[in-house]
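# What the coordinates show
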Amino acid sequence: RGSPGVCQWAAVAAKLGMPPPATIQNAYSLLTRGFEEALAEACSPRHHNVGLLPWSVLCGGLLTGKYRQGAAAPAGSGARFVAFGDYMSRWHPSHARQETLQAADAYSAIAEGAGLTPSQLAILWCRTRPFIAAHGAVIIGGTSLSQLEENLAAFALPAEALTEEMVGAINEVHMRCRDPSNSL
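First, a word on what this report is: a plain description of the structure on this page. (Residues numbered from 1 in each chain as written. Predicted model: local features only at pLDDT ≥ 70, side-chain atom pairs only at ≥ 80, totals over all residues. Heavy atoms only, no water.)

This part is about the overall build of the chain. Within the chain one finds nine helices and two strands. Going from N to C terminus, the chain has its helices and strands arranged as α-β-α-α-β-α-α-α-α-α-α. Put simply, the chain has 184 residues, and 41% of those count as buried. Summarising the internal contacts of the chain: among those between residues at least 6 apart in sequence, 72% fall at separations of at least 24. (Helix = DSSP H or I, 4+ residues; strand = E, 2+ residues; numbered from the N terminus. Buried < 20%, exposed > 50% of the residue type's maximum accessible area, 1.4 Å probe, protein only. Contact = heavy atoms within 4.5 Å.)

Moving on to the packing of aromatic side chains. Counted by the stated rule, this structure contains four aromatic pairs. Centre to centre, the rings of tyrosine 28 and tryptophan 125 are 5.4 Å apart; their planes meet at 15°, and the pair counts as stacked. Here tyrosine 28 is found in the loop between strand S1 (23–24) and helix H2 (34–38), whereas its partner tryptophan 125 is found in helix H6 (residues 118–127), with 97 residues between them in sequence. Comparing tyrosine 28 with tryptophan 125, the two get one shared label, buried. Both rings, one in tyrosine 28 and one in phenylalanine 131, keep their centres 5.4 Å apart while their planes meet at 85°; by these two values the pair is edge-to-face. You can see tyrosine 28 sitting in the loop between S1 and H2 and its partner phenylalanine 131 sitting in helix H7 (residues 130–133), a full 103 residues away along the chain. Both residues of the pair, tyrosine 28 and phenylalanine 131, count as buried. (Phe/Tyr/Trp six-rings, centres within 6.5 Å; stacked < 30°, edge-to-face > 60°.)

Considering all chains together, one arrives at two salt bridges under this definition. Between glutamate 36 and arginine 33 there is a salt bridge, and its shortest N-O distance comes to 2.9 Å. Its relative accessible area of 6% is what places arginine 33 among the buried residues. A salt bridge links arginine 97 to glutamate 99, with the nearest nitrogen and oxygen atoms 3.6 Å apart. Arginine 97 sits in the partly exposed class, given a relative accessible area of 35%. (Salt bridge = Lys/Arg side-chain N within 4 Å of Asp/Glu carboxyl O.)

What follows covers the packing of helix H5 (residues 98–113) against helix H9 (residues 164–176). In helix packing, the relevant descriptors are the interaxial angle and the interaxial distance, both defined with respect to the helix axes. Contact geometry of H5 with H9 gives a least axis separation of 10 Å together with a crossing angle of 170°. Comparing their axes, H9 and H5 come out roughly antiparallel. Residues Ala103, Ala106, Tyr107 and Ile110 of H5 pack against Met166, Ala169, Ile170, Val173, His174 and Arg176 of H9. Residue composition of the contact of H5 with H9, by class: eight nonpolar, one polar and one charged. (Axes fitted to C-alpha atoms, helices over the stretch in contact; angles between N-to-C directions. Parallel < 35°, antiparallel > 145°, perpendicular 65-115°, else oblique. Nonpolar A, V, L, I, M, F, W, Y, C, P; charged D, E, K, R; others polar.)

Time to look at the nonpolar core. Within the largest apolar cluster, 42 residues are counted, with the highest numbers of intra-cluster contacts made by Phe35, Leu63 and Tyr107. Elements represented by at least two residues in this core include exactly helix H3 (40–43), H5, H6, H7 and H9. Looking at which element gives the most residues to this core, the answer is H5, with seven residues. (Core = buried A, V, L, I, M, F, W, Y, C linked by side-chain atoms within 4.5 Å.)

Attention shifts here to the environment of threonine 128. Note on placement: threonine 128 falls in the loop between H6 and H7. Among the residues examined, threonine 128 registers a relative accessible area of 18% and is labelled buried. A C-alpha to C-alpha distance of 9.2 Å links threonine 128 and glutamate 160, two positions 32 residues apart in sequence. Sequence-distant contacts of threonine 128, defined by excluding residues within four places in its chain, comprise Ala133, Ala159 and Leu162. At 3.1 Å, the side chain of threonine 128 and the backbone oxygen of tryptophan 125 are in polar contact. (Polar contact = N/O pair within 3.5 Å; in protein donor to acceptor, adjacent residues only side chain to side chain.)

Together, Leu145, Leu148, Leu152 and Phe155 give the surface a local cluster of nonpolar side chains, amounting to about 360 Å² of exposed area. A relative accessible area of 46% means that leucine 152 is categorised as partly exposed. (Patch = residues over 30% accessible without salt bridge, like charges linked within 9 Å, V, L, I, M, F, W, Y side chains within 5 Å. Areas by Shrake-Rupley, 256 points an atom, 1.4 Å probe, with all protein chains shown as cover.)

See below:
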């Protein structure tokens with residue numbers, strides 16, 4: 001598991017004359033940045049050159065902006081957190097830690113200040129990380145065609161749309177609320 005697992009898998013592949021792992025799938029998002037501490041170095045090109053295929057980059061919908069604190073819950077049964085009371089509890093607006101909700105709201109504000117939707121910021125930020133941009137990809141989804149279109153639009157944005165100022169603001173939120181969805 002984690003960095004030792006990647007290193008062991010690469011060593012076994014080399015010993016057996018098999019191709020090394022090319023990518024791994026881990027949760028990774030603005031709210032879940034554990035990969036940076038636990039795996040980024042082992043997966044880097046100077047070590048095992050393993051790309052990341054992050055899943056849940058929108059944290060089940062929390063990073064879409066539609067569950068902001070003090071706002072009414074989205075109408076309709078398609079909203080996962082409305083339809084399923086125990087869905088992804090670490091990010092569920094009814095169960096998540098206050099720090100998680102505050103961080104999600106702060107990321108939404110950064111997006112809106114840059115003329116992006118919160119979903120577009122979350123996806124743009126993930127897809128421009130060096131360990132994803134080099135030879136990984138971002139796994140997205142949606143419960144409606146309009147959500148899918150919005151998510152896909154984030155891939156049409158140039159990497160430069162994520163300015164140094166925005167990255168600085170994102171990192172400020174992260175430093176105040178490091179992986180807030182973890183309860184440790």
